[in-house]
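In case you want the letters, here they are:
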Amino acid sequence: MATEPLLLLDESLSPAVVQALQLVDYNIMTVREVFGREGILDPDVIRWCREQQAVWVHADDRAISEHRAMLQTSGIRTLWVRRQRSGMGRSEQLRILAFVLPKLFESWRQSPRVRHYSASAASPTSAPSLRPVTI
């Protein structure tokens, strides 16, 4: 998977997910690994992703509305992992990402102009979905 883009997992998701995905050769890092600390502001994450041509993977429901203008002009790609109201544990985060990442990479190969996607699952037993998001 070395030809796939670098993924930057936001603090809104579990760092344990990164460890599991790295075991199967995904090019993924946590915000803490990159910046050396926690509490990094979203605009700094967006700038870093732009500089590194990385994909921002997050579960922050407010990120799109709060940083819309910056996301529209930065040129970065994002994957928003949407939580159910009941929450989303590590195993569910991993299940969703493991299911949608190959589909996401294929979508970017076929439609590179579509930069933002959301991923979710209706229940722990349903197949996760991947959808383009307009920002």
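Predicted model only: the values in this text are computed from it and were never measured. (Residues numbered from 1 in each chain as written. Predicted model: local features only at pLDDT ≥ 70, side-chain atom pairs only at ≥ 80, totals over all residues. Heavy atoms only, no water.)

Student: Summarise the packing of helix α1 (residues 15-23) against helix α6 (residues 90-110); cite the residues concerned and give the values.
Tutor: At a minimum axis separation of 9 Å, α1 and α6 run at an interaxial angle of 45 degrees. In terms of axis orientation, α1 runs oblique to α6. Note that α1 runs across α6; the crossing there is right-handed. For the pair α1 and α6, the contacting residues are A16, V17, A20 and L21 in the first and R90, Q93, L94, L97 and L101 in the second. Its residues placed into classes, the contact of α1 with α6 shows seven nonpolar, one polar and one charged. (Axes fitted to C-alpha atoms, helices over the stretch in contact; angles between N-to-C directions. Helix = DSSP H or I, 4+ residues; strand = E, 2+ residues; numbered from the N terminus. Parallel < 35°, antiparallel > 145°, perpendicular 65-115°, else oblique. Left-handed = near helix turned anticlockwise from the far one by under 90°. Contact = heavy atoms within 4.5 Å. Nonpolar A, V, L, I, M, F, W, Y, C, P; charged D, E, K, R; others polar.)

Student: Requested: an account of α6, with residues and values cited.
Tutor: Relative to the 30 Å expected for 21 residues at 1.5 Å per residue, α6 spans 30 Å between its end C-alpha atoms, a close match to the ideal helical length. Where α6 is concerned, the buried positions are E92, Q93, I96, L97, V100, L101, L104, F105, S107 and W108. Contacts from the buried residues of α6 go to β1 (7-9), α1, β3 (55-58), β4 (77-81), β5 (116-120) and β6 (129-132). (Expected span 1.5 Å × (residues − 1). Buried < 20%, exposed > 50% of the residue type's maximum accessible area, 1.4 Å probe, protein only.)

Student: Give me the lowdown on the environment of I46, citing residues and values where you can.
Tutor: If you trace the backbone, I46 turns up in helix α3 (residues 42-52). With a relative accessible area of 0%, I46 lands in the buried category. Along the sequence, I46 and T134 sit 88 residues apart, while their C-alpha atoms lie 17 Å from each other. Once you skip the residues sitting within four places of it in the chain, I46 turns out to touch W56, H67, M70, L71, S74 and I76.

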